[in-house]
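Understanding the architecture of this molecule
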Amino acid sequence: MLDLFPEGFEEREDDNSVELIAYTSGDGEERLWQAFGAAETADVESGWEDRWRTFHRPVVVGGLWIGPPWEAPDDGFPAVTIDPGRAFGTGAHPTTRLCVELLAARPAGSVLDVGCGSGVLAIAAALLGHGPVTALDHDPIAIEVTQENAAANGVELETIVLDASTGELPAADLVLANIAPEPVAALSGRLRCRAAITSGYLASDRPALAGFEVEERLEHDGWAADLHLPRPQ
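Scoring rules and cut-offs
- Within each chain, residue numbers correspond to sequence positions counted from 1 in written order.
- Residues qualify for local features only when their pLDDT is at least 70, as the model is predicted, and side-chain atom pairs are given and counted only at 80 or more; totals for whole chains, interfaces and linings, by contrast, use all residues.
- To obtain the side-chain values, all non-hydrogen atoms of the structure were used and water was disregarded.
- A 1.4 Å probe that fits into a set of points on a 1 Å grid over the protein atoms alone but cannot get out defines a cavity; an open set with protein on both sides within 12 Å along at least five of seven lines defines a pocket, and lining residues are those with an atom within 4 Å of a point.
- Grid points are joined across faces, edges and corners, and a volume is the space filled by probe spheres set on the points.
- Runs of E in the DSSP output that reach at least two residues are strands. Runs of H or I that reach at least four are helices, and both are numbered from the N terminus.
- Under this grouping Gly is polar, as are all residues other than the nonpolar Ala, Val, Leu, Ile, Met, Phe, Trp, Tyr, Cys and Pro and the charged Asp, Glu, Lys and Arg.
- Per-residue accessibility, obtained with a 1.4 Å probe over protein chains only, is compared with the maximum for each type, and a residue is labelled buried under 20%, exposed over 50%, and partly exposed between these values.
- Whether two residues touch is decided by their heavy atoms; if any such pair falls within 4.5 Å, the residues are in contact.
- In this scheme, strands are said to pair when DSSP sees at least two bridges between them.
- By the criterion used throughout, a crossover qualifies as right-handed when its path from the first strand across the helix to the second strand runs clockwise, the strands pointing away from the viewer.
- To count toward a patch, a residue needs a relative accessible area over 30% and no salt bridge; like charges are then connected within 9 Å, while nonpolar side chains (Val, Leu, Ile, Met, Phe, Trp, Tyr) are connected within 5 Å.
- Reported accessibility uses the Shrake-Rupley method at a 1.4 Å probe radius. Residues are deemed covered only where the shown protein chains occlude them.
- By definition, a salt bridge exists where a carboxyl oxygen of Asp or Glu is found within 4 Å of a side-chain nitrogen of Lys or Arg.
- Neither His nor the chain ends contribute to the count of charged residues, in which Lys and Arg are positive and Asp and Glu negative.
- We put the charge of a Lys on NZ, of an Arg on CZ, of an Asp on CG and of a Glu on CD.
- Buried residues of nine kinds, namely Ala, Val, Leu, Ile, Met, Phe, Trp, Tyr and Cys, make up a nonpolar core once their side-chain atoms join them within 4.5 Å.
- Only the stretch in contact is used when a helix axis is fitted, and all axes are lines through C-alpha atoms; the angle between N-to-C directions ranges over 0 to 180 degrees.
- In this scheme, roughly parallel covers angles under 35 degrees and roughly antiparallel covers those over 145, while 65 to 115 is roughly perpendicular and the rest are oblique.
- What makes a crossing left-handed is the near helix being turned counterclockwise from the far one by less than a right angle; a clockwise turn instead makes it right-handed.

The computed volume of the largest pocket comes to approximately 690 Å³. For the largest pocket, the lining is made up of 22 residues, of which Ile 21, Ala 22, Glu 40, Thr 41 and Ala 42 are closest to its centre. Looking at the lining of the largest pocket, the elements with two or more residues in it are β2 (18-21) and α1 (28-36). When residues in the lining of the largest pocket are grouped by element, the largest group, four residues, is from α1. Classifying every residue of the lining of the largest pocket by side-chain character gives 12 nonpolar, five polar and five charged.

Written out as structure tokens, the structure is:
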């Protein structure tokens, strides 16, 4: 399917099978028949190519409106406009919202966003008065999208392409890491910060950071985010 439709296709699962669906025109049906020997076709309504936008909905959290550029910001809230581009997320996922809620309660200072994705947390930090803010990701495309989103929101970020699991991490007052439990655990013993906010994992996960203890945990829809502070000596 990737060879036939490099622009992408859809997967639908049930208890017994996986259905692969390509949105195509022209000779797409013929290519499917030649490759698989069978295929079913159906017409789709106009505008299908933009339906993915309905997945990205705006949210208000931490005193900020966060959403995609095709939605109108709510009056009375500073707006973080995020175009997901080729990186994941506009801020509606529970882990992002939990991170912003914890971030909004922290005193202003320098911030390092590890695994910045589309840049939503780094931009939110800048608009909440933190600075300087550094956004880091191993994916150059994520860094490119973060830079574009920062410019669209009128904030200045330093961006770095770096594998956080092996590279030396810059020092900051606060580290943000909305990634996954294994990458969060890989940061243990390598952070130079006064506090860390981690997420990207389920409430059943409890990644630990050497030298830190969890001061606060927020949960929503089965997801969690933790605020880590240095363990008293």
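Once you've had a look at it, read on.
In this structure, Val 155 sits in the loop between α4 (140-153) and β8 (158-161). The buried category is assigned to Val 155, whose relative accessible area is 14%. Placed 33 residues apart in sequence, Val 155 and Ser 188 show a C-alpha to C-alpha distance of 30 Å. Apart from the residues lying within four places of it in its own chain, the contact partners of Val 155 are Ile 123, Ala 126, Leu 127 and Ala 150.

Turning our attention to the pairing of strand β10 (residues 195-202). Within β10, seven of the eight residues are buried, leaving the element largely enclosed by the surrounding structure. Across five bridges, the pairing between strand β9 (residues 174-178) and β10 is parallel. Its bridge partner lying in β10, Leu 176 is registered against Ile 197. In the classification by handedness, the crossover that spans β9, the intervening helix α5 (residues 181-186) and the parallel β10 is right-handed. Pairing of β10 with strand β12 (residues 223-230) involves six bridges; the strand directions are antiparallel. By the bridge assignment for β12, Ala 196 is matched with His 228.

Next up on the list: a negative patch on the surface. Taken together, Glu 11, Glu 13, Asp 14, Asp 15, Glu 19 and Glu 40 make up a surface patch of like negative charges. Relative to the assigned elements, Asp 14 resides in the loop between β1 (10-13) and β2. A relative accessible area of 49% means that Asp 14 is categorised as partly exposed.

By size, the foremost hydrophobic cluster in this structure holds 32 residues, and its most contacted members are Ile 66 and Ile 197. Ranked by residue count, the leading element in this core is helix α3 (residues 120-127), at six residues. By size, the runner-up hydrophobic cluster in this structure holds 18 residues, among which are Leu 112, Val 184, Leu 191 and Phe 212.

The N-to-C vectors of helix α2 (residues 94-104) and α3 enclose an angle of 25°; their axes lie 11 Å apart at closest approach. It follows that α2 is roughly parallel to α3 by the angle criterion. The crossing of α2 and α3 is right-handed. Side by side, α2 and α3 meet where Thr 96, Cys 99, Val 100 and Leu 103 of the first sit next to Val 120, Leu 121, Ala 124 and Ala 125 of the second. Residues that form the contact of α2 with α3 fall into these classes: seven nonpolar, one polar and no charged.

A word on the sheet that holds strand β7 (residues 133-137). Taking strand neighbours across the sheet as the criterion, the seven strands line up as β8-β7-β6-β9-β10-β12-β11 in an open arrangement whose pairing is mixed. Only two strands of the sheet have a single neighbouring strand rather than two, namely β8 and β11 (212-220). Neighbour-to-neighbour, the strand axes of the sheet open up by a mean angle of 15°, direction not taken into account. Where α2 meets the sheet, its contacts fall on β9, β10, β11 and β12, and the angle it forms with β12 comes to roughly 35°.

This is a description of form; function is not addressed.
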